[in-house]
Amino acid sequence: MNFEKIAKNYCEKSSLYEKSIHSENGCTAFMVDCGDEDFLVATAGFGFVGEEFQSEEGAFIACRLTHDNAVVLRKLFPFTAPVPVLRKERSIGVGDRLGIATPGHIRVFEKYDAYPVLAQQSIRELNLTNRTFHDVLDSASFSVFREDFTRGFGADGDHLKKAEELQYALDCGYTMITLDCSEHIHNEVMKMTEDEIRANYVGNPELEKKYMNQTVSVDGVEIAFDEISFKRNCLIYNEAIDFAVGIYHQFFDGRDDLDFEMSIDETETPTTPAQHYYIANELISRGVKVVTIAPRFVGEFQKGIDYIGDLSKFKREFEAHAKIARHFGYKISVHSGSDKFSVFETVGKYTGGNFHLKTAGTNWLEAMAVIAEHDPALYREVHQYALDGAFEQATAYYHVTTDLSKIPALDTLTDAELPALFQNNDSRQLIHITYGLILNEKNADGAFRFKDRLYADWRKYAKEYEARVDRHISRHLDLLYRGFRP
Ligand SMILES: [Zn+2]
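Every value quoted in this text rests on a predicted model; they were computed, and no experiment measured them.

**Focus: the overall build of the protein**
On a plain count of helices and strands, the protein comes out with 18 helices and 16 strands. Computed over its C-alpha atoms, the radius of gyration of the protein comes to 24 Å, within 12% of the 23 Å expected for a compact globule of 486 residues. Expressed along its principal axes, the backbone C-alpha trace of the protein runs to roughly 80 × 60 × 50 Å. For the protein, the residues scored as buried account for 46% of the 486 residues in total. Sequence separation of at least 24 residues holds for 69% of the intrachain contacts in the protein that already meet a minimum separation of 6.

Below you can see the structure in the form of structure tokens.
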């Protein structure tokens, strides 16, 4: 079949995505670039909705990349549907806030054997980007089809906090849930005196017998609970454990097609190995099949920049966390994993290559670096907008220690110097956390101030973007793999 020719019957200027040609049960389908938009072209009569046209090879239908067509695609070509990948030896959440990063991500996973979670979004990210769980998954499905990525990928309803949110993600076909228990973790207990802890603790003979004044050894890691540390753990974590157990039994019992991650990383203080042990032991003894736990590690895992903190301390504690996870038979999950280049080798090493790493948002920074390189005038406008108040607003929901005074003034930089702003941590964070405001900002006439121009550029420079995402994320995997495959 001459696919190029078939596509030209529909759209004269179309060009074929070479890897997208697939045939299954009599349906042949492929994707084409028609300039402003990509289309799926498929044999007519298989349920796709679009415009029918004739070619020498028969009747075809040209379809827009809508949700209804994504549903049909996932049925006819099952490799475009998400699967549980968290239980694989190593998995990496890459997410795609803009719906354009997956081809670049696929380039990475063609080189490394880890399983990707290509659809990964939190409710906060959905709101800030005006997207839906459907939309996030659909764009991943079309991309794996276009790029012929058949290994399998996951879809993560990330940092979900409420039963309704889980229901929403699962109804959309997500295969993984990251349960965020932060609203049930009592951080304030960390500041209590011993007397206050004793006064607030409610007796629980069963737990006392199990933990209080007990010491366990996990693969050489001594885990001890004296009276105060035990009671403190109860006060900080018992409500979160009850919550997680309840959610688990509501949604995950008997569901082998779903992965459950417990995240306790959004807290003010690091999770100690003993606290990690306590939480895991309680969850598992109450029937929860945890696939991953995301502790809060020592040091700072800020968005879009390298690890901040004492590396030797991180190594020591990470080794203990990894041993605890191995003891119970689940994987450690490392969150906010974008750009943490100085810890990746440690993560690879102490987990023996058995980990989940979650990156997010760094693909947005790469997309903005493309703008800085190819459309400097637009970049300058966006950058100035971020400085003029958007950053200030975004710090309400992102914890960063950015020093705006360390960002060189725009009018001192030539156009050619703009991309180098993405090597400046303060500048990275300025752009990193303001994505929602930048994308949603509107002119007086109600039109988007930046969004449409940004997307037009990203389409025009799609190959450059793909190469950037590939290079950036590959650097993460290269270091991780060095840890267990030296
Ligand atoms: Zn997290």
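**Observations concerning the sheet that holds strand β9 (residues 154-160)**
Sheets are built from strands that pair by backbone hydrogen bonding, the pairs being arranged parallel or antiparallel. Taken in spatial order, the 8 strands line up as β7-β8-β9-β10-β13-β14-β15-β16 and close into a barrel, and their pairing is parallel. For this sheet, the mean angle separating the axes of adjacent strands, direction not counted, is 25°. Looking at chain direction, strand β14 (residues 292-294) and strand β15 (residues 331-334) are connected through 2 bridges and run parallel. Among the inter-strand pairings, threonine 292 is bridged to a residue of β15, identified as lysine 331.

**What about helix α10 (residues 273-285)?**
Relative to the 18 Å expected for 13 residues at 1.5 Å per residue, α10 spans 18 Å between its end C-alpha atoms, a close match to the ideal helical length. Those residues of α10 that fall on the buried side of the exposure criterion are Pro273, Ala274, Gln275, His276, Tyr277, Tyr278, Ile279, Ala280, Glu282 and Leu283. Phi for glycine 287, located one or two positions after α10, is positive at around 90°.

**Looking at unusual backbone geometry**
Even without being a glycine, aspartate 148 presents a positive backbone phi close to 55°. Residue position: aspartate 148 is located in the loop between α5 (133-147) and β9. Positive phi values are uncommon outside glycine, yet aspartate 219 reaches one of about 50°. With respect to the element layout, aspartate 219 can be found in the loop between β11 (214-218) and β12 (221-225). The exposure class of aspartate 219 is exposed, given the 11 C-beta atoms found within 10 Å.

**Digging into the domain arrangement of the protein**
Domain parsing of the protein yields domain 1 (3-76), domain 2 (80-362 + 473-484) and domain 3 (363-470). Taking only C-alpha atoms, the centre of domain 2 and the centre of domain 3 are 29 Å apart. Counting residues at the interface gives 22 residues for domain 2, matched by 24 residues for domain 3. At the level of elements, α3 (102-109), α4 (123-129) and α18 (462-484) are the ones that each hand at least two residues to the side of domain 2 that touches domain 3. The dominant element in the side of domain 2 that touches domain 3, judged by the number of residues it contributes, is α3, at 5 residues.

**Considerations on the pairing of strand β7 (residues 90-93)**
Residues Arg90 and Ile92 of β7 are buried on one face, and the alternating residues Ser91 and Gly93, pointing to the opposite face, are buried as well. Note that β7 and strand β16 (residues 355-358) share 4 bridges and pair parallel. Bridging across to β16, isoleucine 92 finds its partner in leucine 357. Pairing of β7 with strand β8 (residues 115-122), which is carried by 3 bridges, proceeds in the parallel orientation. Note that in β8 the partner of glycine 93 across the bridge is valine 117. In this fold, the crossover linking β7 to β8 by way of α3 has right-handed handedness.

**Some remarks on the nonpolar core**
Ranked by internal contacts, the top residues of the largest apolar core, which has 131 residues, are Leu40, Val41, Ala244 and Val347. The greatest single-element share of this core, amounting to 9 residues, is contributed by helix α9 (residues 227-251). Excluding its chain neighbours within four sequence positions, the residues that come into contact with valine 347 are Phe318, Val334, Phe355, Leu357, Leu480 and Gly483.

**Describing the packing of helix α14 (residues 376-394) against helix α15 (residues 425-433)**
Remark: α14 packs on α15, axes separated minimally by 9 Å, with the N-to-C direction vectors making an angle of 70°. Of the possible angle classes, the one that applies to α14 and α15 is roughly perpendicular. Between α14 and α15, the contacting residues are Ala386, Leu387, Phe391 and Ala394 on the first element and Leu430, Ile431 and Ile433 on the second. Tallied by class, residues from the contact of α14 with α15 come to 7 nonpolar, no polar and no charged.

**Some points on the pairing of strand β3 (residues 27-33)**
Bridge count for strand β1 (residues 15-16) against β3 is 2 bridges, and the pairing is antiparallel. Each residue of the ladder has a partner; that of serine 15, found in β3, is aspartate 33. Pairing between strand β2 (residues 22-24) and β3: 3 bridges, direction antiparallel. The partner of glutamate 24 across the bridge, within β3, is cysteine 27.

**Things to note about the environment of glutamine 429**
Within the secondary structure, glutamine 429 sits in helix α15. With 38 residues separating them in the primary sequence, glutamine 429 and phenylalanine 391 have C-alpha atoms 8.9 Å apart.

Quick notes on the rules
Residues numbered from 1 in each chain as written. Predicted model: local features only at pLDDT ≥ 70, side-chain atom pairs only at ≥ 80, totals over all residues. Helix = DSSP H or I, 4+ residues; strand = E, 2+ residues; numbered from the N terminus. Rg over C-alpha atoms; globule rule 2.2 N^0.38 Å. Buried ≥ 20, exposed ≤ 12 C-beta atoms within 10 Å, placed from the backbone. Contact = placed C-beta atoms within 7 Å. Pairing = 2+ DSSP bridges. Axes fitted to C-alpha atoms, helices over the stretch in contact; angles between N-to-C directions. Expected span 1.5 Å × (residues − 1). Domains from an automatic or database assignment. Right-handed = clockwise from strand over helix to strand, strands pointing away. Core = buried A, V, L, I, M, F, W, Y, C linked by C-beta atoms within 7 Å. Parallel < 35°, antiparallel > 145°, perpendicular 65-115°, else oblique. Nonpolar A, V, L, I, M, F, W, Y, C, P; charged D, E, K, R; others polar.

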